[in-house]
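Survey of secondary and tertiary structure
Each chain is listed here by its residues.
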Amino acid sequence: MDTPHDPLAGLRPAADSRDPRASALLRSFSPGMPLQDRPVLLGLPYDGGIPSRPGARFGPKALREALGAYGTFDGQRELGEVVDMGDLTLASMNGARTHARIEEASRNLFAAGARPIFIGGDHGLTGSLIRGLAAARPSLRLALVTIDAHLDVREYDNESSLSSGTPFRRALETPILSGARTAMLGIRYLANSRYYVSWAREQGIHLYTVEDIAERGAVAVTREALSLIMKDADALYLSVDIDAADAAVAPGVSAVGVGGLSSREMIDVVRTVSAEPRLLGADLMELSPPHDENARTARLTARLLLEILSARG
């Protein structure tokens, strides 16, 4: 068969070996590869717990593709290699089985001593990720930072009724986490009910709104939050819902909203949290490529991933 004619052949610049792309940092996992103290990427292609705007199951693929827009030099050093486990095979129509599978995968990675970064996917899965961590390290005193417009502490009946609104209710049910060691940044007005705001405050959760960050600065607010939650913590986990960003910055999310954080504020919060030496894991959730424009949201999510990797040295 004849090769189709490409009118741009010879016009595209050749790849420059002196300017590597961040996508080259990903090294596919192979059996026997050591994971102790290594950054590990695992995709969670599931959006069954999102009540509207499905599409986050395509988030892991879009994030990996967006890494090609970035280089590997962070201004001081070259970023290191990341073990890419690929995407977890999940039962797309069975929420309870999916959450059990994710809890098992999380437990195995933390038990192996990896420093995983999970990419989704439905934010409801974070509850199972933290439950997996609790199973691997039951005596841990964990601190948690969330970057999210929503509290995500909704009540639920059973494993089959889990949704993107339940992850931190489930996380706080584990023995390794408490409200006093939890900080939620980027909370947006008119996005959470009085009932759940009151419940969160009763648990001792430290809440910071978009307005707090706008008035006081992202770095100052994040440092204050860390000083409060890390007092007696052994380790820190970071959970990012990309819907914390303003719709003008990140249209490709499951729950788009107006009045969110700027891209600069998102970067500053993630960079500050990631610089904490006790950070042992993170997730980046609810990138929804079908609703993205010009891959803007995917590029923001990829940048946040690189900020986590850069801070880890």
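In what follows, the structure referred to is the one given above.
Description of the structure in this document. (Residues numbered from 1 in each chain as written. Predicted model: local features only at pLDDT ≥ 70, side-chain atom pairs only at ≥ 80, totals over all residues. Heavy atoms only, no water.)

**Thoughts on the overall build of the protein chain**
Regarding its fold elements, the protein chain presents nine helices and nine strands. For 313 residues, the compact-globule estimate of 2.2 N^0.38 gives 20 Å, and the protein chain sits close to it at 19 Å. For the C-alpha atoms alone, the extent of the protein chain along its principal axes is close to 65 × 45 × 40 Å. Accessible surface for the protein chain amounts to roughly 14000 Å². Of this, 50% is attributable to carbon and sulfur atoms. (Helix = DSSP H or I, 4+ residues; strand = E, 2+ residues; numbered from the N terminus. Rg over C-alpha atoms; globule rule 2.2 N^0.38 Å. Areas by Shrake-Rupley, 256 points an atom, 1.4 Å probe, with all protein chains shown as cover.)

**Focus: the packing of aromatic side chains**
For the coordinates displayed, the defined rule picks out two aromatic pairs. Residues Phe 110 and Phe 118 carry aromatic rings whose centres are separated by 6.3 Å and whose planes lie at 55° to one another, so their mutual orientation is tilted. Of the two residues examined, Phe 110 and Phe 118, each falls in the buried class. Between the aromatic rings of Tyr 195 and Tyr 196, the centroid separation amounts to 5.0 Å while the plane-to-plane angle is 90°, which identifies the pairing as edge-to-face. Overall, the relative accessible area of 15% leaves Tyr 196 in the buried class. When the ring centre of Trp 199 is taken as reference, the NZ or CZ atom of Arg 169 above it lies at 3.9 Å. (Phe/Tyr/Trp six-rings, centres within 6.5 Å; stacked < 30°, edge-to-face > 60°. Buried < 20%, exposed > 50% of the residue type's maximum accessible area, 1.4 Å probe, protein only. Lys NZ or Arg CZ within 6 Å of the ring centre and 35° of its normal.)

**Remarks on helix H3 (residues 125–136)**
Residues spaced three or four apart along an α-helix face the same direction, because each turn holds 3.6 residues. The end-to-end C-alpha separation of H3 is 17 Å, in line with the 16 Å expected for 12 residues at 1.5 Å each. Most of H3 sits out of view: nine of its 12 residues are buried. When we look at burial in H3, the residues that qualify are Leu 125, Thr 126, Gly 127, Ser 128, Leu 129, Ile 130, Gly 132, Leu 133 and Ala 134. (Expected span 1.5 Å × (residues − 1).)

**Structural notes on the side chain of Arg 181**
Within the secondary structure layout, Arg 181 lies in strand E6 (residues 177–187). A distance of 2.8 Å separates the side chain of Arg 181 from the backbone oxygen of Leu 142, its partner in a polar contact. (Polar contact = N/O pair within 3.5 Å; in protein donor to acceptor, adjacent residues only side chain to side chain.)

**Here's the deal with the nonpolar core**
Residues Ile 147, Leu 185, Leu 236, Leu 238, Val 240 and Leu 304 are the most contacted members of the largest nonpolar core, which totals 52 residues. Broken down by element, the residue count for this core peaks at eight residues, all from helix H9 (residues 296–311). Apart from residues no more than four positions distant in its own chain, Val 240 is found in contact with Ile 147, Met 266, Val 270, Asp 283, Leu 284, Met 285 and Leu 304. (Core = buried A, V, L, I, M, F, W, Y, C linked by side-chain atoms within 4.5 Å. Contact = heavy atoms within 4.5 Å.)

**Observations concerning helix H1 (residues 59–66)**
For H1, the tally of buried residues reaches six of eight residues, placing the bulk of the element in the interior. Every buried residue of H1 is listed here: Gly 59, Pro 60, Ala 62, Leu 63, Arg 64 and Ala 66. Looking at the buried side of H1, the elements it contacts are strand E1 (26–28), strand E2 (39–44), strand E3 (82–87), strand E4 (115–120), strand E9 (279–285) and H9.

Everything listed is a geometric property; what it means functionally is a separate question.
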